[in-house]
Structures are given as C-alpha cells and as structure tokens.
Number of protein chains: 2
Amino acid sequence: MTSDLNLDWLISVDDHVLEPANVWVDRVAAKDRDRAPHMVVEGDMEFWVYDGKRYPSSGLSACAGKSKEEFSPEPVTYAEMRPGCYDSQARLEDMDRAGILASLCFPTITRFCGQLFAEASDREFGLVCLKAYNDWMIEEWCGSAPGRYIPLILIPIWDPKLAAKEMERCSDKGANAFAFSENPAPLGLPTIHDKNRYWDPVMSTASELQMVASMHVGSSSQVPQIAPDSPFMANLAWGAIRTSGAMLSWLFSGMFTRFPGLKIALSEGEIGWIPYFLERAEQVLDKQRYWVQRGVQFGEHATTDVDLSTLNVRELFRNHVFGCFIDDHHGIASIDEIGEDNIMCETDYPHSDSTWPNCITAVKKQISHLPAETQYKILRGNAEKLYRFTPAEPPALTGA
Amino acid sequence: MTSDLNLDWLISVDDHVLEPANVWVDRVAAKDRDRAPHMVVEGDMEFWVYDGKRYPSSGLSACAGKSKEEFSPEPVTYAEMRPGCYDSQARLEDMDRAGILASLCFPTITRFCGQLFAEASDREFGLVCLKAYNDWMIEEWCGSAPGRYIPLILIPIWDPKLAAKEMERCSDKGANAFAFSENPAPLGLPTIHDKNRYWDPVMSTASELQMVASMHVGSSSQVPQIAPDSPFMANLAWGAIRTSGAMLSWLFSGMFTRFPGLKIALSEGEIGWIPYFLERAEQVLDKQRYWVQRGVQFGEHATTDVDLSTLNVRELFRNHVFGCFIDDHHGIASIDEIGEDNIMCETDYPHSDSTWPNCITAVKKQISHLPAETQYKILRGNAEKLYRFTPAEPPALTGA
C-alpha cells in the first residue's frame, strides 16, 4: 500500500563519529591507557595521542551547526564542537531534528578503515585497540539507542586471517558491516587482485556472514591531485575518481564470482558518475576483451585470470554494488541506469558536505518526483535490506 | 526550416592519421632526411625511426576494417593497414561510406600533442620537423580535399613563444585548431596553473586568433592505473579521469577569465561523466570556497589566485568547453545538463573505439529522439561554428 509508506525518515549509511575520549582508556588494561589512543590537552590545543604521534581534530570533521562561511580545516577542540559529533544521545536529538531514523557512522581518529592501527609500531596492541573500538561501537554507540545506529566495525587490514576472526566475533554481536579500503595499494597492502589471494579470508567470511564491505571515499589515504599545482578546488571536485576506480577494480576482479554473497557499499562515493563508467566498462569489454583474453603482451599489462567472455559488468553491479549519495541531482536523474535497488542516501553528519539539519528535506527534494515505493527504497528500504537492519519506530516528529 | 536540415552527414572532430612515409623526408633538407622521422623496413618489421629510437605502429591504431576479434596491439606494417589509415584519398572513400562529411585528424607517430619533438635531443631540428608536419597537414592532407578535412596543428610545447609564432604562421594558412595536452605536468612541463604563466603566449594567441585548444585523451602520455596490479580492462574503462581532471583544472584555472576567447575541446574524452563533475564542482565551490579564499593552510594546498566568490563553473563550461563523444548513450541522455551547444561527435577512425563503417548510423541511433536542430548541432553545426569551418557539399550517398 503506497499510501502507508512513511517517507518522513531516512537511514543514512554514511555519517561520522568523532570518538569520545573514553573509547579506549575505558576498555584497555589500566597499564595500557597511555599507549592506547587518548586525549591530551595543552593550552588551547587538544590532540589525540597514539604511538608517539599527535592528531588534532580538523574543523572540517566537525562542521555540524556551523555556516559554510565558518568552515575551516583548522584544529578544533571537542568543547568547540556540537555535542552530536561525539555523544550518541546528543546525536539522536540532531537525527530526530533532521529526519534521520538510523545512522551508520565511520570512525575519525582511526581513519576510515582503521589505517591508524595498521600503521602502528605494535600491531598486536593495535589489534587490542581495534577490538576496543568495535566493542565500543557495538555496545556503547549503537547499544545506547537500539534501532537507531547501524554498527560498522574495523578489521585488522594487515592480517586477513585475524580480520576474519574479528568479523566472526563482531557478527556474533550483531555487526553486519565492516570498513574496507577503496584501494589498499596506497596503504602498502596487497590489492583485491593479489595473485596470492591475500584478501580471501576476509572476502569469504564477508560472503558467508553477509557482512557488507563499506568503502568510504578517501579510505585509501589518498587525496587525488590532478597536477602538482592544480587548484585545490579542482582536486576536491575530482575526488570521486577514487570511488570510480574502486568500482571498476571490483567489477573486473573476479571477486563477486568467487564470493557470490559479497556486497560492497561505495560510501560517500556519490552516484552521478556511475552510469558513464558502467557504460564505458561494457564498451571496453566488448571491444578489447579478445586480445586481452588471448594474453597478448602490451606494456605492463597483466593478463587477466577472469573469464572476460562471460563477464557481465552491469549484472555484477546490480547484484553486488551499492552507490551512496548525499546531494547528487544528476545521479538521481539517472536512476534508471543505476537501478533503484542500488542507491542509498547519506547525510555525512557532521562533515562539511552534510545537509544537516535539512537532511530529509534535501533528499526528498531530489527524489520527490519518483514513485513512493522508489522513494522508500532510497530513503531506507535498500539500507534495511543490505545491512539487515530493523530500525526503531520513528520518534514523534520534532521539526526541521 | 527543420525539414531542410541534412542529417545524413556528420563532422568528426576526432580521427587519426597514420602519417604516410613521405611527410618529413619530402619536406626537410636532403641532408636531414635520415634525421627526420623516416620509415625503416627490416624483414617483416617496419618502424618509424627518429632521434635514435624505433617506433613500430600498433595494431590498435589501425583497426579500421578489422573485426574486434582481430584487434591487437601487436605491431603492424602500413601494407597490412587499410589505406584510409594513411592516404587522404582512400580515407575520403571510407568517409563517404560512413557519412563523414569532414574530419579533424590527430597525429600518430608524433603523439597527440607533438610529444615526440618535445623529447627530442635536438629541439631546434624538432621544430623543423614539427613545422613540416603542420605544412603537410594543412597543404597535403587537408589541401587534397577542400572542405573535407579540418587542420589540426602541433605547437612546440617546450617554448610557448615559438609556439605562438607557429600558431600565427599556421593561422595565416587557415588552421583554427592546435593540439594541447590534457595535462602538461607528466610531460615535464609547467601546467596551466604555473605561477610564472608559462603558457600565456600560447593562450593569448589562441584567444586572439580563435584557435581551439584540442586536448586528446592520453595527451599527457599517461595511462591511468587504479593500482599496480589492477586489471587492464578496469584501467581502460577508467580512462576518462584524465579528461575530467583536465576539465576541472581549466574551470578553476582562471584561464577563461584572462583569455575570454579561449575554447577547449575534450577530444575523445566522452561526455557522460560531465554532468556529475560539473555538479560536484559547484558543490565544492559553494561549501569550501570561504576558507580556501581566506588562504587557510591545509597540507600542500596552494592558495588560489582566482576569485572564487564570482566563479561560475557552469557558465565557464558553457562558454569555453566542448565535449566530444563517439558512443555515449548516457551522455546524450544528459544533454540538458551538458548543453546542446557544447557537444560534438567523433568517429575515432581508424582506432579500436571507432564506429566505422557505421559512423552516421551509430550517432543517429543515439540522437534520433532529439529535435532536428539539436541533431544538426551535434552532427556538424557545433563543429562548424567552433572550428570556423565550412564543409564541402555532401557527396552523393554511397551506402553504409
């Protein structure tokens, strides 16, 4: 019944938590509190400290409540942030105000896929800290408000077997999503094309446990630069090339054939670029696959171990890839090419791209011309299905 | 009068010539014939030789008449190629057959913007050879069939003042387009953002003489690679990131404000990615320009010397940038976002992406739902206007 669909709330599959100061110090052994990520205040400045390095918080990570004229990457303290940045109860108030029924949050200080712990001098202790984050995310952040937060866990990307174990542990605790890198190569790790199949333990576990690999744009620790002196604004606008590269890598990797239960979410990747790159992928496959499949040598070209003659990139996309958008009119205008089952919305709270506090209004403005069933899928239905998540009943509307 | 519009012919703004053996040996001094690019046959093999290096011709550069099952990058000799690859009269027959009224051809052995001569050990002689190419292109290739070929000249990219002189010389001979690099940085040259304004002599001349800067995809001598071992097909499908980077660079460069007559053509860049990146450019400008304009330091971010508060990227695009497509259904479906005055068609003869011999059919299949006036603009009207080119009367139709 169309008329019964509640289109007043959305599920955001990409928000961010600035970890509260207690995440690690509360969960590691007392003797390790100073080794775990912990907050240090010095005069006006405030840093996270871990493994001998200092990490101030960027103002661009905590823009909620600020006007764009005030946005700045300059360091901010937690006291200067809106409490919703780091406090799950304060966040709920901000979510209610903006029509956000549920939210999946990426970490901040650990970086998008836990790079902080992969780079640590002591990875054994890094794993302790990573598990502490996961426990905190599941038990405290999400546990504080059942049905309002979708847990996203980190994995030890430096050890896929340990990663699989951690996925199993967290799956048992209710987690259905893990953070993965859009491109592990710049992190110094084997890629998904690795001949030794480095990632197989992770991907087979993800496939079996139906855990979604969520790849946030920037999770390769790369900021694309068109040229050494290209304008910052141009580089910033170019950012989705990382996600388009990730999508194409996965479609041609053979991973989805080997692990049929695998699903990937292109978090904050936007969607407007998808139709072109899918069409182009079909074209190169149609025209170039014969000589590539024959193994003709061509520069540094590596021959493929995927059977290109049966590869259907559009079908693979439909069955395995989920695009995520904040504000993307062109993407929504292209919904028939992307597929209404493959699109989820985001609010990016509290980052500078966020639409908060006008989140539900901003999404509905983009999709209101679509059938109610389609709107529902984009607003929450696709996310509920992909992340196997049952949200709480919507609270009474509080405005916005 | 709509009914009077001839929609049976197109102008292709991106084709390729495999230079015939005589281009340079006929035009340089007798003593220099062995120093200029010249053809050498050894057994079954055939090479261009220049500056001590050998350059065989790639089969992927001469696919016309071959089935996709036969495509291969393996070396081919001119005798194995369809004569239209290198003979302007044979090319005309192929053009007539495919509904190509006129064609702008990029060079092959010199590479897309004359990199061969920029890399030469003797640039003075490189300039002699470059001028010989331009004379040959204008007088022989284009001169052999008035109204059927649009001349595209090369410039000495290593010396902008000499380049400006060569542009003036060729403009006098009727050339209205020059090849430029989508990204000069990988060529070891200053970019269009250079603080010392390296390219000003070229751009001011282009603006004054109304010479179009035609940037072929790949004219940065780069093949994008998602990761060191990413599948060749994925990298190939990712190719337009070069053109999208070029477009964003130019829009944020300030060039179009400083040189209002400048026009750039994104040759073989395809167009389906344009709407997303334009929309994204507007978003980052809207949200991030305040702190960037204030000059806040951020990593390696260089402050801008462009006034971001008045920058209108969509208007700059409309007035200065021309997208070129071969086969791009998504791009045409997005025509309202790109603009019907900013799209030109290509056939890419004789490369592997070419639609030959079904060129006019292939384009019309993509645009036939559009108003006749719009179809005419895409087929030839926009190219005639941009390149200030009056084509010959269409020959009698010969089939295809």
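S.K.: I would appreciate a short explanation of the relation of the copies chain A and chain B in the present structure.
M.R.: Here the two chain copies are tied together by a rotation about an axis and a shift along that axis. Screw-axis analysis of chain A against chain B gives a translation of 0.0 Å along the axis, an RMSD of 0.0 Å, and a rotation angle of 180°. When the rotation and shift are considered jointly, the pair of chain copies conforms to a two-fold rotation axis. Taking C-alpha positions as the reference, the residue of chain A nearest the rotation axis is W273(A), at 2.8 Å. Mapped onto chain B, 100% of the interface residues of chain A again fall at the interface, so both copies present the same surface.

S.K.: What am I meant to see in the side chain of D200(A) here?
M.R.: Relative to the helices and strands, D200(A) is located in helix α6 (residues 200-209). Not counting residues up to four positions away in its chain, the partners in contact with D200(A) are M255(A), R258(A) and F259(A).

S.K.: Sorry, what's going on with the interface of chain A and chain B here?
M.R.: Every contact between the two is made by 69 residues of chain A and, on the other side, 69 residues of chain B. Carbon and sulfur atoms make up 62% of the area that chain A and chain B hide from each other, which totals about 6100 Å². It is M233(A), Y276(A) and H330(A) in chain A that bury the most area against chain B; as a group they hold 12% of the surface buried on that side. Connecting chain A to chain B are 4 salt bridges. For R280(A), the salt bridge goes to D353(B), with nearest N and O atoms at 3.0 Å. Considering every element that reaches the side of chain A that touches chain B, the biggest residue donor is helix α10 (residues 274-294) of chain A, with 17 residues.

S.K.: Would you take a moment to explain the sheet that holds strand β2 (residues 38-42) of chain A for this structure?
M.R.: Sheet strands pair via backbone hydrogen bonds, and the direction of the pair is either parallel or antiparallel. Residues and elements named next belong to chain A. Taken in spatial order, the 4 strands of this open sheet run β2-β3-β4-β5, and their pairing is antiparallel. Each edge of the open sheet is held by one strand with a lone partner, namely β2 and β5 (75-76). Bridge count for β2 against strand β3 (residues 45-50) is 5 bridges, and the pairing is antiparallel. By the bridge assignment, V41 is partnered in β3 with E46.

S.K.: Any chance you could explain the confidence of the model for chain A here in plain terms?
M.R.: A low pLDDT means the predicted coordinates there should not be read in detail. Per-residue pLDDT for chain A has a mean of 95; in total, 97% of the residues score no lower than 70. For this predicted complex, the interface confidence reaches an ipTM of 0.96, while the overall pTM sits at 0.97.

S.K.: Can you walk me through the sheet that holds strand β8 (residues 177-180) of chain B in this structure?
M.R.: All names here are of chain B. The parallel open sheet is built from 5 strands, whose spatial order is β8-β9-β10-β11-β12. The outermost strands of the open sheet, each flanked by one partner alone, are β8 and β12 (343-345). Mean inter-strand twist for the sheet, computed between neighbouring axes without regard to direction, equals 30°. In this structure, β8 lies alongside strand β9 (residues 212-216), joined through 4 bridges in parallel fashion. When the sheet's bridge partners are listed, F180 is paired in β9 with M215.

S.K.: Sorry, what's going on with the packing of aromatic side chains here?
M.R.: The description of an aromatic ring pair uses the distance of the two centres, along with the angle that the planes make with each other. Residues and elements named next belong to chain A. Evaluation of the coordinates by the stated rule reveals 36 aromatic pairs over all chains. Geometrically, the ring pair formed by Y50 and F117 is edge-to-face, given 5.6 Å between the ring centres and 80° between the ring planes. With Y50 in strand β3 and F117 in helix α3 (residues 115-118), this residue pair connects regions lying 67 residues apart in the sequence. You'll find Y50 and F117 in the same group, each marked buried. Ring geometry for Y276 and F277: centres 5.0 Å apart, planes at 80°, overall edge-to-face. You'll find Y276 and F277 in the same group, each marked buried.

S.K.: Can you help me understand unusual backbone geometry in this one?
M.R.: One can expect most non-glycine residues to show negative phi and most peptide bonds to be in trans. All names here are of chain A. Geometrically, the link from Y349 to P350 is a cis peptide bond, its omega value of 0° lying close to zero. The backbone of E270 shows a phi angle near 60°, a positive value even though the residue is not glycine. Positionally, E270 belongs in the loop between β10 (264-267) and α10. We classify E270 as buried; its relative accessible area is 4%.

S.K.: Hey, could you run me through the nonpolar core in this one?
M.R.: Considering soluble globular proteins, one finds that nonpolar side chains tend to be buried as a cluster. Counting residues in each nonpolar core, the largest one holds 276 residues, and the members touching the most others are Y387(A) and Y387(B). Not counting residues within four places of it along the chain, the set of residues in contact with Y387(A) comprises V13(A), L104(A), I150(A), N176(A), A177(A), V212(A), S214(A), A265(A) and M344(A).

S.K.: How should I be thinking about the environment of R294(A) in this particular structure?
M.R.: Along the chain, the position of R294(A) falls in helix α10. If we skip the residues at most four places from it in the chain, R294(A) touches E69(B), E70(B), F71(B) and S72(B).

S.K.: Would you mind showing me how to read the pattern of salt bridges here?
M.R.: Side chains that differ in sign of charge can pair as their charged atoms come close. Tallied over the entire structure, the rule returns 42 salt bridges over all chains. Put simply, D286(B) and K68(A) hold a salt bridge, and the shortest N to O gap is 2.7 Å. You can see D286(B) sitting in helix α10 (residues 274-294) and its partner K68(A) sitting in the loop between β4 (53-58) and β5, one on each of two chains. Residue classification places K68(A) among the partly exposed residues on the basis of a relative accessible area of 27%. Two residues, K377(B) and D341(B), come together in a salt bridge whose shortest N-O distance is 2.7 Å. Highlighted residues: K377(B) in helix α15 (residues 372-386) and D341(B) in the loop between α13 (335-338) and β12, separated in sequence by 36 residues. With a relative accessible area of 39%, D341(B) lands in the partly exposed category. What you see here is one network of salt bridges that share partners, running through R27(A), D135(A), E139(A), E140(A), E166(A), R169(A) and K173(A).

S.K.: When you look at the packing of α10(B) against helix α11 (residues 313-320) of chain B in this model, what are you seeing that I'm missing?
M.R.: Think of two packed helices as two axes; the pair is described by the angle between the axes and how far apart they sit. All names here are of chain B. The interhelical angle for the contact between α10 and α11, taken along N-to-C directions, is 140°, at an axis separation of 9 Å. When the axis of α10 is compared with that of α11, the two are oblique. For the pair α10 and α11, contact is made by I274, L278, E279, A281, E282 and L285 and by V313, R314 and F317, respectively. Residues that form the contact of α10 with α11 fall into these classes: 6 nonpolar, no polar and 3 charged.

Parameters at a glance
Residues numbered from 1 in each chain as written. Chains lettered and ligands numbered in written order. Predicted model: local features only at pLDDT ≥ 70, side-chain atom pairs only at ≥ 80, totals over all residues. Heavy atoms only, no water. Least-squares fit on C-alpha atoms with pLDDT ≥ 70 in both. Contact = heavy atoms within 4.5 Å. Helix = DSSP H or I, 4+ residues; strand = E, 2+ residues; numbered from the N terminus. Buried area = accessible area lost by both parts, 1.4 Å probe. Salt bridge = Lys/Arg side-chain N within 4 Å of Asp/Glu carboxyl O. Pairing = 2+ DSSP bridges. pLDDT = per-residue confidence, 0-100. Axes fitted to C-alpha atoms, helices over the stretch in contact; angles between N-to-C directions. Phe/Tyr/Trp six-rings, centres within 6.5 Å; stacked < 30°, edge-to-face > 60°. Buried < 20%, exposed > 50% of the residue type's maximum accessible area, 1.4 Å probe, protein only. Core = buried A, V, L, I, M, F, W, Y, C linked by side-chain atoms within 4.5 Å. Parallel < 35°, antiparallel > 145°, perpendicular 65-115°, else oblique. Nonpolar A, V, L, I, M, F, W, Y, C, P; charged D, E, K, R; others polar.

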